[in-house]
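Fold and contact review
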Amino acid sequence: MQLLVCYDIYLKEIMGKVLGMGNALVDILMQLESDAVLNELSLPKGSMQLVDGETANKVLQILGNGKSSKASGGSAANTIHGLANLGIETGFLGKIGRDSWGDFFRKDMEFKNISPLLLESDSDSGRAIALISPDSERTFATYLGAAVELSAADIPTDIFQGYAYFHVEGYLVQNRDLIRKALVKARKNGLKVSLDLASFNVVEDNLAFLREVVSDHVDILFANEEEARSFTGGLNNHEALDYMGKMAEITILKKGSEGSLIKHFDTVVKVGVVQAKPIDTTGAGDLYAAGFLYGLIKSLPLEKCGQLGALLSASVIEVIGPKMDEERWAVIKSEIERIIG
Ligand SMILES: OC[C@H]1O[C@H](O)[C@H](O)[C@@H]1O
């Protein structure tokens, strides 16, 4: 009973607007006919590899004029975009170049009424080349460009005012000072901090730092199975959840086709999946986070939060890229009403 009362207070406390911070990227999405090219390019399937501008161009050259499309991307930006589509007031902090890629990213954020705090640089805007395997798994070759220049000094002092949540992507680890300072400031301003671990290889390469950040500054932690395994030193399922649950108030372990596990203090909730016909997993985790945070903002029980995460995630993997059209969002919204009841 006491736990329920505490949880109720907790939920009321965290209602409101969401600010995101992440790499401002434009995705170039290419559908592969086979995985062979991933070996040729030395890109481990499912990972995110950072590349320089020259290599990014080489990758595009090697892929030739295959079927490609463009969408604004960036993990945290995708989550914020999802929340904005559901009517949540949002903001986003990132850095773009003064070029057509940057314009494309800015317009997409502004179109959704996201208050883009987009700083500009003379460098090229960042791009993520998403290579989509025939089984729908995506692999990234990411050129960060201007995005990598976002620094701790760029965080405006009053940026957190009026926001209740701060959502950050693990891909930002290239700038540890930025992450630490932003999370400390966000919490000082009373925001709840959520972090998505981003990619298993990012976790492996930055393990000590990410463990420190999660245990010191994160309230809500999102991880898929591979990321959780890297983060916990090889643990799976409930063991991994317990390990991560000691560090954050709410921990979400996404288990792909097996659904997700959510831990809040001593309570563990299991959530199933929503059936989908996947063609591209780009943005699946980002949209799960959007659905889950939406549920928290609406004071829904954790099970429903997870169901909303699963709903958005299932829908985005049926399209190429991390963005969905109005028609799809209309279906999602009516399904949300049904789930909320
Ligand atoms: O999580 C998916 C996103 O991460 C990468 O950063 C891409 O931009 C993509 O949109």
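Residues numbered from 1 in each chain as written. Predicted model: local features only at pLDDT ≥ 70, side-chain atom pairs only at ≥ 80, totals over all residues. Heavy atoms only, no water.

Let me state the cut-off plainly: UniProt positions are given in the numbering used here, feature names are shortened, and annotations may be inferred rather than shown by experiment.
The chain is annotated in an unreviewed UniProt entry as Sugar/nucleoside kinase (Ribokinase family) from Natronoflexus pectinivorans. Under Sequence similarities (unreviewed entry), UniProt gives the following word-for-word description of the chain: "Belongs to the carbohydrate kinase PfkB family."

**Some words on the packing of aromatic side chains**
Where two aromatic rings form a pair, the distance of their centres and the angle of their planes describe that pair. Here is the rule we go by: A pair of aromatic rings is counted whenever rings of Phe, Tyr or Trp (Trp by its six-membered ring) have centres within 6.5 Å, and the orientation is called stacked for planes under 30 degrees apart, edge-to-face for over 60 and tilted otherwise. Helix and strand assignments come from DSSP, with helices taken as H or I runs of at least 4 residues and strands as E runs of at least 2, each series counted from the N terminus. When accessible area is computed with a 1.4 Å probe and restricted to protein chains, residues below 20% of their type maximum are described as buried, those above 50% as exposed, and intermediate ones as partly exposed. Charges are assigned to positions over rings by a cutoff of 6 Å between ring centre and Lys NZ or Arg CZ, combined with an angular limit of 35 degrees from the ring normal.
Counted by the stated rule, this structure contains 6 aromatic pairs. Here the aromatic rings of phenylalanine 92 and phenylalanine 105 are separated by 5.9 Å at their centres, their planes lie at 50°, and the arrangement is tilted. Note that phenylalanine 92 is positioned in strand S5 (residues 90-97) and phenylalanine 105 in helix H5 (residues 100-111), a separation of 13 residues in sequence. Each of the two residues, phenylalanine 92 as well as phenylalanine 105, counts as buried. Three or more aromatic residues joined by ring pairs make a cluster, and in this case those are Phe222, Tyr288 and Phe292. It is lysine 17 that lies over the ring of tyrosine 163; its NZ or CZ is 4.8 Å from the centre. Taking the ring centre of tryptophan 101 as reference, the NZ or CZ of lysine 70 above it sits at 5.6 Å.

**Overview of the sheet that holds strand S1 (residues 17-21)**
What links the strands of a sheet is backbone hydrogen bonding, and the strands pair in either a parallel or an antiparallel sense. Our working rule: Note on pairing: DSSP must find at least two bridges between two strands before they are called paired. Axis definition: a line fitted to C-alpha atoms, over the contacting stretch in the case of helices. Angles run 0 to 180 degrees between N-to-C directions. Contact between two residues is taken to exist if any of their heavy atoms lie within 4.5 Å; hydrogens are not considered.
The mixed open sheet is built from 9 strands, whose spatial order is S6-S5-S1-S9-S10-S11-S12-S13-S14. Two strands lie at the open edges of the sheet, namely strand S6 (115-121) and strand S14 (267-271), each paired on one side alone. Adjacent strand axes in the sheet meet at a mean angle of 15° when their direction is disregarded. In this structure, S1 lies alongside S5, joined through 4 bridges in parallel fashion. The residue of S5 that forms the bridge with glycine 20 is phenylalanine 92. Along the sheet, helix H6 (residues 176-188) makes contact with S1, strand S9 (163-169) and strand S10 (192-196), crossing S9 at roughly 165°.

**Points about the sheet that holds strand S8 (residues 138-143)**
Within the open sheet, the 5 strands sit side by side as S3-S8-S7-S2-S4. Their pairing is mixed. Looking at the sheet topology across the chains shown, the edges are occupied by strand S3 (48-50) and strand S4 (68-72). The sheet shows a mean angle of 20° between the axes of neighbouring strands, direction not considered.

**Quick word on the nonpolar core**
Among soluble globular proteins, nonpolar side chains are generally buried collectively. Going by this rule: In this description, a nonpolar core means a group of buried Ala, Val, Leu, Ile, Met, Phe, Trp, Tyr and Cys residues linked to one another through side-chain atoms lying within 4.5 Å.
Ranked by internal contacts, the top residues of the largest apolar core, which has 51 residues, are Met21 and Phe166. For this core, the leading source of residues is H6, giving 5 residues. Discounting chain neighbours no more than four positions away, the residues touching phenylalanine 166 are Leu19, Gly20, Met21, Phe160, Ala182, Leu183, Ala186, Leu191, Lys192, Val193 and Ser194. One finds Ala76, Ala290, Leu302 and Ile317 within the second-largest nonpolar core, a separate group that totals 49 residues.

**Examining unusual backbone geometry**
We note that asparagine 113 has phi near 60°; this positive angle belongs to a residue other than glycine. Its location among the elements puts asparagine 113 in the loop between H5 and S6. A positive phi is found at serine 299, a non-glycine position, where the angle reads about 60°. Judged by relative accessible area, which is 31%, serine 299 ranks as partly exposed.

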